[in-house]
Amino acid sequence: MEPVRPVPPPRRPDPPRAESTKAAVELASLLRDAGYESPRIQQRLATGDELLARSPELPSYLRRLGDGDELAVLLRLFLLGVPVERARLELLVPERLRQRLAGAELLVDDAGLVHGTARLVPHDDLLIASDPAGAAEGHADHVAGVHRPSVALAHLTVRGEEERALDLCAGNGIQAILLAAHASHVVATDVNTRALAYATFNAALNDVANVEVRAGSFFEPVEGERFDLVVANPPYVVSPESAYLFRDSGLRGDAVSELVVRGTPALLAPGAFASVLIAWALDPDDPAARPRQWLEGSGCDAFLLHTSTDDPLETATVWNRDLLDRPDAYSGALDRWLAYYHELGIEQLGYACLVLRKRNDSRDSSAAGWMEALQLPRAALRPAGRHVRRLFETHDRLDELDSDAALLGRRLRVVDDAVVSQDTRFSGGRWQSEQLTLRLEHGLPFSAELDPSTARLVRELDGSRTLAEALATAVGGDAAGEGLGLARRMLEVGFLELD
Ligand SMILES: C[S@@+](CC[C@H](N)C(=O)[O-])C[C@H]1O[C@@H](n2cnc3c(N)ncnc32)[C@H](O)[C@@H]1O
């Protein structure tokens, strides 16, 4: 009989450890050789491009997978969290790989049944270990895998060539490992030493040697230091619980986001960026009020990249999904969370990535920073660091142009990533041209419907003429004011750039 949910080992295992970086790298390479890579796994399990398997899907996955080949055995152990018989493991998994798995303490034998001690999930070219699926309950220090917010943060990080980078609240180390590709030295901090053990193992597994892990709460391990780039995915959920370190800060309301936002600027070198995931009690009349207030006097400029606004029930539902297969516990959690939001007077919760840039002139207290809020489209995020950097640069240049007249005198051009497409529909016996859409092929997934005059304006803005000239041709004198506002908006979100 196949299990209906993951089967953790009888005793909670310690995190895996690398015998040496060489051994860990060989392990990753043997796993890849066995097909333990995203496309092959997606094909075997017939999943979409996410491998966020949940226990309700397990029975179906197990039947699809079978247990007759090496990849099926590895996926059972390290993705789905179900044990296999030792004899089957020995028959199907080559000895060299078994040795490397055992050396990393990734296998534990329970009377002839072998369990994987960790979950291993490929992310692009990386392989990331975390605590096994279904093993969280009762363990506050459970180390979660890479989830959607982790990927969003990675996409919204402004990457350059940095000397020193910081991953605050590092968890399994995914952000630190990504930073290590372009920073000379990365510090990864977490209050959870179990998480840091995973981060250390994951660095070795991915052949990364420039990550230093430090234990401690929030800014404590890096007090007085400066970084050229900071990323933080803190336990930002506004939650009444203290069940899991990765989700619940134990601080009231949105205090954890406030703490991280207020504390980050002091760590930034002049010109340095930070990307921080936050949640806050959102006032519908002024959605960005609280983050703006937290940034006062920070010496930073910032974009609040607003990803979503949820009502209390949506938030409670999303963050208690691990209870979905236990309806009583799930229902109880929803009641507790809703009562908490009611008590705090929270009607809506905002979620965003706040991107900060330390001003070069931040010692000058008269040089107040600015904050702009941008609502991101619901469309799936993709790597957008360069786009985010461009948002800051455009803002700087618009600040330098201190009047509409100055902007009208500048040449603007549509960015290379912009595409205009048109729908045509067969209707009334003939093909009719319908909506024109402007969208970006890379970076933040903005798109906009174009009316005919804006479409003409976009076509005119090829860098060969000033904005005033393009407006005169495309929209005519009467609508020039409106066209100027539109062009400014298209510049601000990155459809256009200043030549
Ligand atoms: C949402 S996880 C982020 C993991 C990873 N950085 C990512 O992007 O997927 C939040 C992390 O914050 C850590 N954490 C919780 N409280 C903390 C504290 N007081 N100081 C530092 N880290 C903390 C948790 O242990 C957990 O690893």
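Reading guide: rules and limits
Residues numbered from 1 in each chain as written. Predicted model: local features only at pLDDT ≥ 70, side-chain atom pairs only at ≥ 80, totals over all residues. Heavy atoms only, no water. Helix = DSSP H or I, 4+ residues; strand = E, 2+ residues; numbered from the N terminus. Rg over C-alpha atoms; globule rule 2.2 N^0.38 Å. Buried < 20%, exposed > 50% of the residue type's maximum accessible area, 1.4 Å probe, protein only. Contact = heavy atoms within 4.5 Å. Areas by Shrake-Rupley, 256 points an atom, 1.4 Å probe, with all protein chains shown as cover. Lys, Arg positive; Asp, Glu negative; His and termini not counted. Charge placed at Lys NZ, Arg CZ, Asp CG, Glu CD. Patch = residues over 30% accessible without salt bridge, like charges linked within 9 Å, V, L, I, M, F, W, Y side chains within 5 Å. Salt bridge = Lys/Arg side-chain N within 4 Å of Asp/Glu carboxyl O. Phe/Tyr/Trp six-rings, centres within 6.5 Å; stacked < 30°, edge-to-face > 60°. Near = heavy atom within 4 Å. Polar contact = N/O pair within 3.5 Å; in protein donor to acceptor, adjacent residues only side chain to side chain. Nonpolar A, V, L, I, M, F, W, Y, C, P; charged D, E, K, R; others polar. Domains from an automatic or database assignment. Buried area = accessible area lost by both parts, 1.4 Å probe. Core = buried A, V, L, I, M, F, W, Y, C linked by side-chain atoms within 4.5 Å. Pairing = 2+ DSSP bridges. Axes fitted to C-alpha atoms, helices over the stretch in contact; angles between N-to-C directions. Arc of directions from axis to C-beta.

## Examining the overall build of the protein chain
Here comes step 1: Across its full length, the protein chain carries 18 helices and 19 strands.
Here comes step 2: Its C-alpha atoms give the protein chain a radius of gyration of 25 Å, near enough to 23 Å, the size a compact globule of 499 residues would have.
Here comes step 3: By its C-alpha atoms, the protein chain is 85 × 65 × 50 Å across when sized along the principal axes.
Here comes step 4: Counting the 499 residues in the protein chain, one finds 50% classified as buried.
Here comes step 5: Taking as baseline every contact in the protein chain between residues at least 6 positions apart, the subset at least 24 positions apart corresponds to 70%.
Here comes step 6: Element-wise, carbon and sulfur atoms account for 48% of the exposed surface of the protein chain, whose accessible area totals about 22,800 Å².
Here comes step 7: Distance from the positive charge centre (53 side chains) to the negative charge centre (76 side chains) of the protein chain: 3 Å.

## A short note on a negative patch on the surface
Here comes step 1: The grouping of Asp33, Glu37, Asp124 and Asp125 at the surface amounts to a negative patch.
Here comes step 2: Relative to the elements of secondary structure, aspartate 124 occurs in the loop between strand E4 (119–123) and strand E5 (126–130).
Here comes step 3: According to the relative accessible area criterion, aspartate 124 is exposed, its value standing at 76%.

## Quick look at the packing of aromatic side chains
Aromatic ring pairs are described here by two measures, namely the spacing of the ring centres and the angle between the planes.
Here comes step 1: Under the defined criterion, the tally for this structure stands at 10 aromatic pairs.
Here comes step 2: Ring centres of tyrosine 340 and tyrosine 341 lie 6.1 Å apart, and the angle between their planes is 55°; this geometry places the pair in the tilted category.
Here comes step 3: Judged by relative accessible area, which is 11%, tyrosine 340 ranks as buried.
Here comes step 4: Ring pairs connect the aromatic residues Phe273, Phe303, Trp370 and Phe392, which therefore count as one cluster.

## Here we look at the pattern of salt bridges
Here comes step 1: Overall, the coordinates contain 32 salt bridges when judged by the stated rule.
Here comes step 2: Here arginine 17 makes a salt bridge to glutamate 105, at a shortest N to O gap of 3.1 Å. Of this pair, arginine 17 sits in the segment before helix H1 (21–33) while glutamate 105 sits in the loop between helix H6 (95–103) and strand E2 (107–110), and the two are 88 residues apart along the sequence.
Here comes step 3: We classify arginine 17 as partly exposed; its relative accessible area is 42%.

## Some points on the site of the ligand
Here comes step 1: Taken together, 16 residues lie around the ligand, and Ser150, Cys169, Asp190, Phe218 and Asn233 are the ones closest in.
Here comes step 2: One of the side-chain N or O atoms of serine 217 is found 3.0 Å from a nitrogen atom in the ligand.
Here comes step 3: In isolation the ligand has 600 Å² of accessible area, and contact with the protein removes 91% of it.
Here comes step 4: For the shell around the ligand, the residue count by class is eight nonpolar, seven polar and one charged.

## Details of the domain arrangement of the protein chain
Here comes step 1: For the protein chain, the assigned domains read domain 1 (21–130), domain 2 (148–376) and domain 3 (400–498).
Here comes step 2: Here the C-alpha centroids of domain 1 and domain 2 sit 31 Å apart.
Here comes step 3: Between domain 1 and domain 2, the residue contacts involve 21 residues of the former and 14 residues of the latter.
Here comes step 4: When domain 1 packs against domain 2, close to 1,400 Å² is buried across both sides, 65% of that on carbon and sulfur atoms.
Here comes step 5: For the interface between domain 1 and domain 2, the tally reads zero salt bridges.
Here comes step 6: Our count for the domain 1 to domain 2 interface comes out at three residue pairs in polar contact (both at pLDDT 80 or more).
Here comes step 7: If you list the elements that add at least two residues to the side of domain 1 that touches domain 2, you get H1 and E5.
Here comes step 8: For the side of domain 1 that touches domain 2, the leading source of residues is H1, giving six residues.
Here comes step 9: Taken together, the residues that form the side of domain 1 that touches domain 2 break down as 13 nonpolar, four polar and four charged.

## Examining the nonpolar core
Here comes step 1: By size, the foremost hydrophobic cluster in this structure holds 78 residues, and its most contacted members are Leu305, Leu407 and Leu412.
Here comes step 2: If one sorts the elements of this core by residue count, helix H13 (residues 327–344) sits on top with six residues.
Here comes step 3: Domain assignment of the residues forming this core places at least three in each of domain 2 (148–376) and domain 3 (400–498).
Here comes step 4: Ala34, Ile41, Tyr61 and Leu120 belong to the second-largest nonpolar core, a separate cluster that totals 41 residues.

## Focus: the side chain of serine 308
Here comes step 1: Relative to the elements of secondary structure, serine 308 occurs in strand E11 (residues 300–310).
Here comes step 2: In this view, serine 308 contacts Leu349, Gly350, Tyr351, Gln375 and Arg378; residues no more than four positions away in its chain are not counted.

## As for the sheet that holds strand E6 (residues 162–168)
Here comes step 1: What the eight strands build is an open sheet, ordered E8-E7-E6-E9-E10-E12-E11-E13; its pairing is mixed. Since the sheet does not close on itself, it has two edges, and those belong to strand E8 (211–215) and strand E13 (371–375), each with one partner. Strand-to-strand twist across the sheet, computed as the mean angle between neighbouring axes with direction ignored, equals 20°.
Here comes step 2: Those strands touched by helix H9 (residues 193–205) are strand E7 (183–190) and E8, and its axis lies near 170° from that of E8.

## Here's the deal with helix H3 (residues 58–65)
Here comes step 1: Taken residue by residue, H3 has Leu58, Tyr61, Leu62 and Leu65 as its buried positions. Down the axis of H3, the buried side of the element spans an arc of 100°, and every buried residue falls inside it. In H3, those exposed residues whose orientation departs by more than 90 degrees from the buried face are Arg63 and Arg64.
Here comes step 2: Turning to H3, the residues buried within the fold contact helix H2 (38–45) and helix H4 (70–80).
Here comes step 3: A positive backbone phi angle near 65° is found at glycine 66, which sits one or two residues after H3.

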